[in-house]
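Next come the chains, spelled out residue by residue.
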Amino acid sequence: MYYAYKYRLKPSDAHREALDRHRDICRQLYNHTLYRLNEYRENHGELPSMTTLRSELPDLKQWWDDLSDVYSKVLQTVVERLFDNLNSLSKLKENGYGVGQLKWKPPREFRSFTYNQSGFKLDKKGGQTVLSLSKLGDIPIRLHRAIPDDATLKQVTLKKEPTGEWFATFGVEMDREPPAKPETPEKCVGIDVGILKYAHDTDGTAVGSPDLSDERERLESEQRDLSRKEHGSANWEKQRQVVAERHATLKRKRRDFLHKLSNYYAREYDLVAVEDLDVKGMLESPSNSRNTASAAWRTFLSLLEYKCKREGTHFVAVNPRGTTKECASCGVSTEKPLWVREHSCPACGFETDRDANAAWNILSRGLEKVGVGHSERTPVETALPVDTDSVSAKRVIEAGSPTLTERAASAVSE
Ligand SMILES: [Zn+2]
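My aim in this report is to walk through the structure given alongside it, one point at a time. Keep in mind that what you see is a predicted model, and the values were worked out from it rather than measured.

Bringing the overall build of the protein chain into the picture now. In terms of regular secondary structure, the protein chain is built from 11 helices and 15 strands. Looking at the 414 residues of the protein chain, the share that counts as buried comes to 43%. For the protein chain, contacts bridging at least 24 residues in sequence account for 69% of all contacts bridging at least 6. For the protein chain, the exposed surface amounts to about 22100 Å²; the carbon and sulfur share of it is 47%.

Within the protein, the zinc ion binds to Cys327 (SG), Cys330 (SG), Cys345 (SG) and Cys348 (SG); these donor distances fall in the range 2.2 to 2.4 Å. Because the angles between the four donor atoms bound to the zinc ion fall within 107 to 112°, the donor set is best described as tetrahedral.

What follows concerns a negative patch on the surface. On the surface, Asp211, Asp214, Glu217 and Glu220 cluster together to form a negatively charged patch. With respect to the secondary-structure elements, aspartate 211 resides in the loop between β10 (205–207) and α5 (213–228). Accessibility expressed as a relative area gives 62% for aspartate 211, which makes it exposed.

This part is about the side chain of histidine 343. Locating histidine 343 in the fold gives a position in strand β13 (residues 342–344). On the basis of relative accessibility, which here comes to 1%, the residue histidine 343 falls in the buried class. A distance of 2.8 Å separates a polar atom in the side chain of histidine 343 from a polar atom in the side chain of lysine 336. Residue contacts for histidine 343: discarding those within four places in its chain leaves Glu326, Cys327, Ala328, Lys336, Phe350, Glu351, Thr352, Asp353, Arg354 and Asn357.

A separate point is the pattern of salt bridges. Within the structure shown, the criterion is met by 24 salt bridges. Its salt-bridge partner being glutamate 39, residue arginine 36 comes within 2.7 Å of it at the nearest N-O pair. In this pair, arginine 36 and glutamate 39 are both assigned in helix α1 (residues 13–44), three residues apart and thus about one turn of the helix distant. The network of salt bridges with shared partners includes Asp20, Arg23 and Lys160.

Take the sheet that holds strand β7 (residues 166–173) next. Judged by pairing direction, the sheet is antiparallel, and its seven strands sit side by side in the order β2-β6-β7-β1-β5-β4-β3 without closing on themselves. The outermost strands of the open sheet, each flanked by one partner alone, are β2 (112–116) and β3 (120–125). Neighbour to neighbour, the strand axes of the sheet diverge by 35° on average, direction disregarded. Relative to strand β4 (residues 128–133), β3 runs antiparallel, the two being bridged by six bridges. Its bridge partner being in β4, aspartate 123 is matched across the sheet by valine 130. Of the strands in this sheet, β2, β5 (137–142), β6 (152–160) and β7 touch α1, which is tilted by about 90° from β2.

With that settled, the discussion passes to the pairing of strand β8 (residues 188–193). With six of its six residues buried, β8 lies for the most part within the structure. Residue alternation in β8 divides its side chains into two sets, Cys188, Gly190 and Asp192 and Val189, Ile191 and Val193, and both sets are buried.

Once that is clear, we can look at the layout of surface pockets. Approximately 1900 Å³ is the volume found for the largest pocket. If you go around the largest pocket, you meet 49 residues; those closest to its centre are Lys6, Phe167, Arg252, Arg255 and His259. Elements with a minimum of two residues in the lining of the largest pocket: β1 (2–9), β6, β7, α6 (234–268) and α8 (288–311). Residue contributions to the lining of the largest pocket peak at 14 residues, all from α6. By residue class, the composition of the lining of the largest pocket is 19 nonpolar, 10 polar and 20 charged. When residues of the lining of the largest pocket are sorted by domain, at least three fall in each of domain 1 (2–174) and domain 2 (188–413).

Mapped onto the elements of the fold, asparagine 357 is located in helix α9 (residues 354–369). With a relative accessible area of 0%, asparagine 357 lands in the buried category. Within the structure, the side chain of asparagine 357 is placed 2.7 Å from the backbone oxygen of glutamate 326, a separation counted as a polar contact.

The subject of this paragraph is unusual backbone geometry. A positive phi angle is found at glutamine 117, which is not glycine, with a value near 70°. Looking at the element boundaries, glutamine 117 is found in the loop between β2 and β3. A relative accessible area of 48% means that glutamine 117 is categorised as partly exposed. Although it is not a glycine, lysine 135 sits at a positive phi angle of roughly 70°. On the basis of relative accessibility, which here comes to 49%, the residue lysine 135 falls in the partly exposed class.

On to the side chain of aspartate 355. Counting through the fold element by element, aspartate 355 comes out in helix α9. Each residue touching aspartate 355, except ones within four places of it in the same chain, is listed here: Asp192, His200 and Arg341.

This paragraph deals with the nonpolar core. Ranked by internal contacts, the top residues of the largest apolar core, which has 45 residues, are Phe113, Tyr115, Leu131, Leu133, Val156, Leu158 and Phe170. Apart from residues no more than four positions distant in its own chain, valine 156 is found in contact with Phe113, Thr114, Tyr115, Phe120, Leu131, Leu133, Ala168, Thr169 and Phe170. Counting residues in hydrophobic clusters, the runner-up holds 23 residues, among them Leu258, Tyr265, Ala296 and Trp297.

Before going further, it helps to spend a moment on α1. Compared with the 46 Å implied by 1.5 Å per residue over 32 residues, the 46 Å span of α1 between its first and last C-alpha is a close match. In the stretch just after α1, glycine 45 is the one whose phi turns positive, near 75°.

The rules behind these values
- Residues numbered from 1 in each chain as written.
- Predicted model: local features only at pLDDT ≥ 70, side-chain atom pairs only at ≥ 80, totals over all residues.
- Heavy atoms only, no water.
- Helix = DSSP H or I, 4+ residues; strand = E, 2+ residues; numbered from the N terminus.
- Buried < 20%, exposed > 50% of the residue type's maximum accessible area, 1.4 Å probe, protein only.
- Contact = heavy atoms within 4.5 Å.
- Areas by Shrake-Rupley, 256 points an atom, 1.4 Å probe, with all protein chains shown as cover.
- Donors = N, O, S within 2.8 Å, 3.2 Å for Na, K, Ca; no water.
- Tetrahedral: all angles 85-135°; square planar, octahedral: opposite > 155°, others 65-115°.
- Patch = residues over 30% accessible without salt bridge, like charges linked within 9 Å, V, L, I, M, F, W, Y side chains within 5 Å.
- Salt bridge = Lys/Arg side-chain N within 4 Å of Asp/Glu carboxyl O.
- Lys, Arg positive; Asp, Glu negative; His and termini not counted.
- Charge placed at Lys NZ, Arg CZ, Asp CG, Glu CD.
- Polar contact = N/O pair within 3.5 Å; in protein donor to acceptor, adjacent residues only side chain to side chain.
- Pairing = 2+ DSSP bridges.
- Axes fitted to C-alpha atoms, helices over the stretch in contact; angles between N-to-C directions.
- 1 Å grid on protein atoms, 1.4 Å probe; cavity = no way out; pocket = protein on both sides within 12 Å on 5 of 7 lines; lining within 4 Å.
- Points joined across faces, edges and corners; volume = space filled by probe spheres on them.
- Nonpolar A, V, L, I, M, F, W, Y, C, P; charged D, E, K, R; others polar.
- Domains from an automatic or database assignment.
- Core = buried A, V, L, I, M, F, W, Y, C linked by side-chain atoms within 4.5 Å.
- Expected span 1.5 Å × (residues − 1).

In short, the description is geometric, and any link to function would need to be established separately.
Now the structure itself:
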């Protein structure tokens with residue numbers, strides 16, 4: 001399995017200068033290669049292969065002296081990156097390649113470069129852990145958590161954040177099976193990601209959104225300060241850094257919460273059922289607040305899917321059509337405006353929280369999809385309506401999970 005470990009670098013001023021220089025040479029190579037792609041296509045009527053472009057690198061070095069200052073494999077990954085971008089673009093545009101759509105990268109948009117397979121290692125120098133990089137030297141690194149001994153370091157990406165800080169992200173391969181979970185899932189959960197509550201599940205847990213209003217306020221006040229400064233002045237540049245740091249803090253806190261919540265579900269359960277948001281997005285009319293919320297859901301679900309894979313947990317995305325209207329007990333649909341927070345079925349009398357009802361529908365669709373069947377899991381038989389246990393996001397952040405079970409306790413350390 002593939003894992004990512006991210007650490008902060010502690011570069012000296014000289015290191016910073018060298019890192020920035022490397023970054024800029026890679027950027028220029030990226031732009032040059034993009035130019036070559038277009039030129040080649042004009043002459044040959046088709047795009048060159050990645051191998052063709054990579055094989056041009058030695059010739060390029062003949063006249064482009066700066067390239068020799070960068071480790072050769074790093075240059076190769078620049079070419080590969082361009083092809084990756086190209087591929088994701090052509091997936092979007094089924095007709096033609098859309099090379100013209102790929103843009104030249106100005107400095108602020110080209111923030112990282114990668115050592116693949118070789119040219120880097122972690123080392124100890126003078127009692128300090130350093131990241132030893134070919135052509136760049138030994139850069140102190142803060143290993144706030146260890147990479148497991150049995151891990152193979154596949155690559156490292158050096159990235160400069162808008163705050164000016166540098167980070168190293170290791171791509172690591174570990175030869176381990178996901179923890180053993182029953183072939184037929186036993187502990188199953190359906191999760192409804194809602195508007196008022198962050199997530200509502202079939203075990204009666206409702207987790208609220210994290211309160212980040214303080215962080216947001218601070219960011220806004222720094223942004224106001226920035227707007228009062230003369231654009232491009234030294235003070236403006238200083239303030240721009242402060243704003244970037246505030247942005248980074250807000251983003252980190254939000255992600256931290258989503259990491260912990262997704263860890264909890266992936267470790268605690270054998271099967272996790274959620275709504276397929278790609279379908280949901282098409283069903284619902286977009287508005288601004290909804291878009292913000294759905295961006296967070298998307299992040300949550302992609303983290304959840306990845307972690308479920310890591311933990312050997314079934315991840316099922318179900319059709320969201322009618323999950324709110326349908327009665328989880330008898331299946332009869334009832335119109336239900338947004339402000340009606342309770343589900344009260346006129347056909348069978350089943351009563352529960354609106355989101356709990358949706359979560360039950362999501363779970364039974366999920367079980368059906370993996371062929372487990374849902375008869376034993378209907379809410380009536382498990383004596384629903386459940387008392388909803390409302391959990392603040394703060395508790396998730398501090399304890400690492402909404403409930404304290406044995407499995408959840410191990411989810412605290414991500
Ligand atoms: Zn009913």
